[in-house]
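Fold and contact review
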Protein chains: 4
Amino acid sequence: MTKQLSLAQGREYLAIPGPSVMPDAVLQAMHRPSPNIYDGELIEMMPALVQDLRRVARTEHNVAIYISNGHGTWEAALSNVIAPGETILAPASGRFTHGWAEMAIGIGAKVELIDFGTSSPWDFDRIADALRADADRQIKAVLAVHVDTSSSIRNDIPTLRALLDDLNHPALLMADCIASLGCDRFEMDDWGVDVMVSACQKGLMTPAGMGFVFFNNKAHAKRSRMPRVSQYWDWTPRANPDLFYQYFNGTAPTHHLYGLRAALDLIHAEGIEHVWARHERLATAIWSACEIWAEGGALHLNVTDRKHRSRAVTALHLSDGQGTPLRQFTETQMGLTLGIGLGMEDWDGCFRLGHMGHVNGQMVLATLGSVETAMAALNIPRGAGALEAAARVLAS
Amino acid sequence: MTKQLSLAQGREYLAIPGPSVMPDAVLQAMHRPSPNIYDGELIEMMPALVQDLRRVARTEHNVAIYISNGHGTWEAALSNVIAPGETILAPASGRFTHGWAEMAIGIGAKVELIDFGTSSPWDFDRIADALRADADRQIKAVLAVHVDTSSSIRNDIPTLRALLDDLNHPALLMADCIASLGCDRFEMDDWGVDVMVSACQKGLMTPAGMGFVFFNNKAHAKRSRMPRVSQYWDWTPRANPDLFYQYFNGTAPTHHLYGLRAALDLIHAEGIEHVWARHERLATAIWSACEIWAEGGALHLNVTDRKHRSRAVTALHLSDGQGTPLRQFTETQMGLTLGIGLGMEDWDGCFRLGHMGHVNGQMVLATLGSVETAMAALNIPRGAGALEAAARVLAS
Amino acid sequence: MTKQLSLAQGREYLAIPGPSVMPDAVLQAMHRPSPNIYDGELIEMMPALVQDLRRVARTEHNVAIYISNGHGTWEAALSNVIAPGETILAPASGRFTHGWAEMAIGIGAKVELIDFGTSSPWDFDRIADALRADADRQIKAVLAVHVDTSSSIRNDIPTLRALLDDLNHPALLMADCIASLGCDRFEMDDWGVDVMVSACQKGLMTPAGMGFVFFNNKAHAKRSRMPRVSQYWDWTPRANPDLFYQYFNGTAPTHHLYGLRAALDLIHAEGIEHVWARHERLATAIWSACEIWAEGGALHLNVTDRKHRSRAVTALHLSDGQGTPLRQFTETQMGLTLGIGLGMEDWDGCFRLGHMGHVNGQMVLATLGSVETAMAALNIPRGAGALEAAARVLAS
Amino acid sequence: MTKQLSLAQGREYLAIPGPSVMPDAVLQAMHRPSPNIYDGELIEMMPALVQDLRRVARTEHNVAIYISNGHGTWEAALSNVIAPGETILAPASGRFTHGWAEMAIGIGAKVELIDFGTSSPWDFDRIADALRADADRQIKAVLAVHVDTSSSIRNDIPTLRALLDDLNHPALLMADCIASLGCDRFEMDDWGVDVMVSACQKGLMTPAGMGFVFFNNKAHAKRSRMPRVSQYWDWTPRANPDLFYQYFNGTAPTHHLYGLRAALDLIHAEGIEHVWARHERLATAIWSACEIWAEGGALHLNVTDRKHRSRAVTALHLSDGQGTPLRQFTETQMGLTLGIGLGMEDWDGCFRLGHMGHVNGQMVLATLGSVETAMAALNIPRGAGALEAAARVLAS
């Protein structure tokens, strides 16, 4: 035995905050020959696919499908409703609002950014101040990241909607649900969200490569007033195509559509309310373990208040830069890959647990057990009984 | 036996001009769990992947990879070098030049389109006239579709380059090789092409969902002078990323990258010169059969002159609208799906044979044999000995 | 281009007489995690699977499933009904009757073999002589290979049954349908077959590794009188299990069962009568082409009379040992692998076309076209118009 | 939410004692077209495959591969060395020795069985008594189950060898390593094992359907003296074939061979010593947790002494028939399927954890965490700190 013993040989588990674990049914559905793109099954399955996407987003309105990643949907959404020179408001509680705002600058928008740091949710007072200050309604949209994947903050979108309504501000409410769709409760129509962007590789459990822009009539009215929308980003024909190729402005993402179909079947067989409840319970188990570990003084959760935490990802900090060694231990010794810290000052201290999409009780326990093992191996002080506390939550 | 006997039960063969037949190795490579996108194998395989892409395009210059279809690369390429108000010249010999030109209008460009119809290659005299008429060099780019998938015309790009050089016209030469890359000989650097766009689902044998924009220094110099390029389309970080996510402006198309890797392995194991020679020989066999069928008077090839024909797709016409019945016969009775006519006046008369990418001798013979069978079933007059003529070409 | 150009790069087609082409649905069904073998889906699907197997064999009687190949079912069948010292009659029209007879010797049986050579079906007069000579009924079974894969002879089982009945001979009629089940018409109950053996990798389109022994009450009565049957071969619990593991005498062939389920779904969706009719038509097309090639004097079909030919495999001979070069050409230049000759004197002259299971019109045309091409390349004299003759058969 | 919330939606984990978890590489390798069985890759890969099988068993001697399950290898092994009327000795410490002994009776052997119950290893004194009593050496073989899957007892084979040697008893030592090969240390040649049987679906991580009989020269000498060995079971040509089909007495298990190749690659890349050490560590972690749970009084391990426990499976008992409810909870609420009790009196109390083959740290923690959760849900008394104890073992 010249090399070191590893306990990682076995099924690998990638518990990063996306791409998430792909169900076997999704991968099987994608392992197939190219389909005809002019006639037959693929064309016929689109109306139900679109309807089932809407059901996940809880909207009766429109959805445009893009061959793109999540960043692509940022640009797509902005391109349909924000003209060069127009202003957007970006309340940031994590890295991704900054990214979306930069994209807005890239298309010529002006950005008013309110930075809440990396561990705090929106402060509605400051947002209200910004909106009130916008007396001549220059702000055309508010970019609202529902769950920030880097900070694991979950923002309160209904309250933002109420604020806009209270102030009678006409700005579009544009939500980024890339990390939350199919994980955290999200009700597009009930919550009054005008535009919502998401992607397929997290709660929708399909390999990265497809994005979605949902929009309501108010948003489409703004699009109709745009001086120009580039053809690839224009959501109009995509959402209401006369011909199949218009769904995608060209060739369809054939295999991804089969994968997404399988994923939507899983979601709706379970029921979206149950999907949310499952994520809620699993997240609560994770928090319970982490809060006990935190008693040891070395670990803390990035988001203090449970009600501001994502049900899909949990960002954690370890003192003394122990996050990186911990991740390396779980990957090389346990067969579990955790997420790196993103956008945090303590690069080596931060790590993230992904618990989105195709995740169940035994997977959460594998994750927590591996973290416990790594902390033991690294002699990191921690409270006792964390795993049993998680088990009790799952048992209840 | 209440239903009708069909001879189609068996392995289906989709001989449409894209998506093409996916090699088993590609589908196997994509049937895998999500990989880590922050560390490890996927990140490490990118430099060689990029280099092997360049080798297919015969360029030492840059390539930006997009999660998009071919239409997306049209917009991407234009967005990097054509500012609103600038002019492009579009010599069209088929539907797709029109499509690209419309995309240019969508980003605010002016388009000067020369229409050569649906069955003729470029007329260089008319192109020369247009360039000469552009005394103040308003034309910033010429959109040059190498192979038009609808008409199966292959245009002569080196001659266009020579023309630009002769006239000392500085317009960028932008080629669309979506239907030709990995099929017809294409030499980006030797031919002096400044920008080339392609996609993965034809000669590159990977499920639709990824596109490529190759560009040289002259093109990049123009991009550097652009007033603004949107972040998603900007090719700069994609072609020279500091971090992995910059290759894709966000989440990587994880499974597609594995698929493309497998496809490039196949191409380079065979050798790109051999790949071209194989397509040449297979196309010649197809033409030989079609030319003999044509002697019957009912069928004709859309492109008269062999030297203007694509090696990847062949558009054909049948009198009396017999194209649609023929396609229906091969699909329902033989297990072979052929391409519909696109952009032709005789919708029901036109059909297309795809012979791109993962295609070999026995597949071409299956295609031709099925067409012969369908013509027999439909009593379509045709010359005798077409299949044997094709066999002789393949045997030589 | 240092190496030689090959036109084989593309989808490979294995047209050998088994293993046959596996449908995508079968391979997909097998690409799955291990199932529970004590509870759930796998256990529950067995009764319908057994019933659907019976439907393919056209029997209301019993079937025992073995994890084995076809040879294993030979031994299994014999072990249940033939005791050491008992005699079997083996009328041989090809290599595989010899093989089965050797297996009988291996379990201690005496074998009376009548050899009809490699290109003739049974001569019923000689069989009748042998049965009549058996005045004291020492012959306990007649081994009847329905289709011999090596010679491509199809024997006439109903006539053999009638002969046994006419002579009032009580010997069991044991049929080997390994190469014919799901290809050539076979009616176990109507034809009065007592025992039938088959395997999964030919007409049943599932990767090799599973075999089947069907038996009726007369056969089981003989088994009940056996002094001893080894536990693994004993068909009794396998055909009428109290517990799931008894189907297989131990661990189930989990993934094969899913594959077979998918294959049976394909067969019964098409309808077994249609499956037979498809094979009949495809075989007729092949014969038509071969008979025309034969006019050139170099090629001949191993079986002269169409009514004695298998619908699943066709054995051919080329003069001057040209069979091997022809196979090498199709494999290395066309992407088509043909079957070698088995048990023939002219090893290098003989080759075989497989056309069993998942095979349709375009595949047969690929096979024939490739043979035509190879004959052209090798300058083998042949009649003209063979491919068009095949096309006419398929078109009718 | 009409139905009940379940936390099982997600990746299912089958932690039963075989079939075990199949590695992605194995399933991928099996998802392929049928290969040629007369020429090429499959034929060429056999010598290395056989050699790599030998390396797992730690033998320089012979191996015969059977298309069969483990039970088939029992019969195969016996058929080669035990003639009707000969005697075997079967010291039983679990259900499977009984099964093998019944198979011996099925081939006409006499069986002398010593039953040590379901929770005790061999008592060598009693075995010695039996061997000593066999003055005229009627006992031709001792059936030695290394690890009994039902009881999770691991027997001490080297001591049994020493006993035979001390007594100068010529009986063959025949080991069943179905549940131990590739998990528990096993050294065929060093330990003086004459015949060893195993199967592919446990430590060898390949879907059920292939078995192996290893044998040394002493065993083969006995086979040479056998009056008759049936052709399918005869190991002679399988172990030393002149032609490819002789490896398998007929058609090869094509897809399983590719799967096994991938599995052997994984094993030897890790190193068999490391494979054993990994299983040792993982089992120790499991025992540590179970021993703490046992302090609660409701649970106990079937095998008291660690040195008699398998590293591949752990049988446990819960009072009050709580085993079945516990299994049901983990399956329906956690996504983890555990093994039922086999051959125990307390059917509903017994359950088993499989930890064989493709298993790593995070999987063991998932298993233990799920059991903890189920015990919490069912209010089963248990010691505290079990999961953390397991983590400490894995961390060390």
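Listed by partner, the interface residues are 49 residues for chain C and 49 residues for chain B. Taken together, both faces of the contact between chain C and chain B bury some 4200 Å²; the carbon and sulfur share is 63%. Of all residues in chain C, Leu7(C), Arg11(C) and His274(C) give up the largest surface area on contact with chain B, accounting jointly for 19% of the area buried on that side. Summed over the shared surface of chain C and chain B, the result is zero salt bridges. The interface formed by chain C and chain B contains 21 residue pairs in polar contact (both at pLDDT 80 or more). At the level of secondary structure, the elements contributing two or more residues to the side of chain C that touches chain B comprise α10 (254-270), α11 (272-294), α12 (323-334), α13 (361-377) and α14 (386-395) of chain C. At 11 residues, α13(C) tops the list of elements feeding residues into the side of chain C that touches chain B. Its residues assigned to classes, the side of chain C that touches chain B comprises 24 nonpolar, 16 polar and nine charged.

A few words on the relation of the copies chain C and chain B. Of the transformation placing chain C onto chain B, the axial shift is 0.0 Å and the rotation is 180°, giving an RMSD of 0.0 Å. Classification of the inter-copy transformation places it as that of a two-fold axis. Residue Ala366(C) of chain C places its C-alpha closer to the rotation axis than any other residue of that unit, at 2.1 Å. In this assembly the copies share their binding face: 100% of the residues contributing to the interface of chain C also contribute to that of chain B.

Right, let's talk about the pattern of salt bridges for a bit. As a working rule, side chains carrying opposite charge can pair if their charged atoms are close by. Per the counting criterion, the structure on display carries 88 salt bridges over all chains. Among the ionic pairs, Arg309(D) bridges to Glu291(D), the shortest N-O distance being 2.9 Å. Residue Arg309(D) is located in the loop between β9 (299-301) and β10 (313-318), and its partner Glu291(D) is located in helix α11 (residues 272-294); the two are separated by 18 residues in the primary sequence. Judged by relative accessible area, which is 4%, Arg309(D) ranks as buried. Each of Asp52(A), Arg55(A), Arg261(A) and Asp265(A) takes part in salt bridges that share partners, so that together they form one network.

The subject of this paragraph is a negative patch on the surface. The grouping of Glu12(A), Asp24(A), Glu331(A), Asp39(B), Glu44(B), Asp39(C), Glu44(C), Glu12(D), Asp24(D) and Glu331(D) at the surface amounts to a negative patch. When you line up the elements, Glu331(D) lands in helix α12 (residues 323-334).

When two helices pack together, you describe them by how their axes are tilted relative to each other and by the distance separating the axes. Residues and elements named next belong to chain C. Two elements in contact, helix α6 (residues 124-133) and helix α7 (residues 157-166), have axes whose closest approach is 11 Å; the angle formed by their N-to-C orientations is 30°. It follows from the interaxial angle that α6 and α7 lie roughly parallel. Considering only the axes of α6 and α7, their crossing is right-handed. Where α6 approaches α7, its residues Phe-124, Ile-127, Ala-128 and Leu-131 are matched on the opposing element by Thr-159, Leu-160, Leu-163 and Leu-164. Residue classes in the contact of α6 with α7 are distributed as seven nonpolar, one polar and no charged.

Between chain D and chain A, the residue contacts involve 49 residues of the former and 49 residues of the latter. Here chain D meets chain A over a buried area of about 4200 Å², counting both sides, of which 63% is carbon and sulfur. Three residues stand out in chain D for area buried against chain A, namely Leu7(D), Arg11(D) and His274(D), and they jointly supply 18% of the buried area on that side. Where chain D meets chain A, there are zero salt bridges. Across the chain D-chain A interface, the total number found is 22 residue pairs in polar contact (both at pLDDT 80 or more). Going through the elements one at a time, α10 (254-270), α11, α12, α13 (361-377) and α14 (386-395) of chain D are the ones with two or more residues in the side of chain D that touches chain A.

Procedures and definitions
Residues numbered from 1 in each chain as written. Chains lettered and ligands numbered in written order. Predicted model: local features only at pLDDT ≥ 70, side-chain atom pairs only at ≥ 80, totals over all residues. Heavy atoms only, no water. Contact = heavy atoms within 4.5 Å. Buried area = accessible area lost by both parts, 1.4 Å probe. Salt bridge = Lys/Arg side-chain N within 4 Å of Asp/Glu carboxyl O. Polar contact = N/O pair within 3.5 Å; in protein donor to acceptor, adjacent residues only side chain to side chain. Helix = DSSP H or I, 4+ residues; strand = E, 2+ residues; numbered from the N terminus. Nonpolar A, V, L, I, M, F, W, Y, C, P; charged D, E, K, R; others polar. Least-squares fit on C-alpha atoms with pLDDT ≥ 70 in both. Buried < 20%, exposed > 50% of the residue type's maximum accessible area, 1.4 Å probe, protein only. Patch = residues over 30% accessible without salt bridge, like charges linked within 9 Å, V, L, I, M, F, W, Y side chains within 5 Å. Areas by Shrake-Rupley, 256 points an atom, 1.4 Å probe, with all protein chains shown as cover. Lys, Arg positive; Asp, Glu negative; His and termini not counted. Charge placed at Lys NZ, Arg CZ, Asp CG, Glu CD. Axes fitted to C-alpha atoms, helices over the stretch in contact; angles between N-to-C directions. Parallel < 35°, antiparallel > 145°, perpendicular 65-115°, else oblique. Left-handed = near helix turned anticlockwise from the far one by under 90°.

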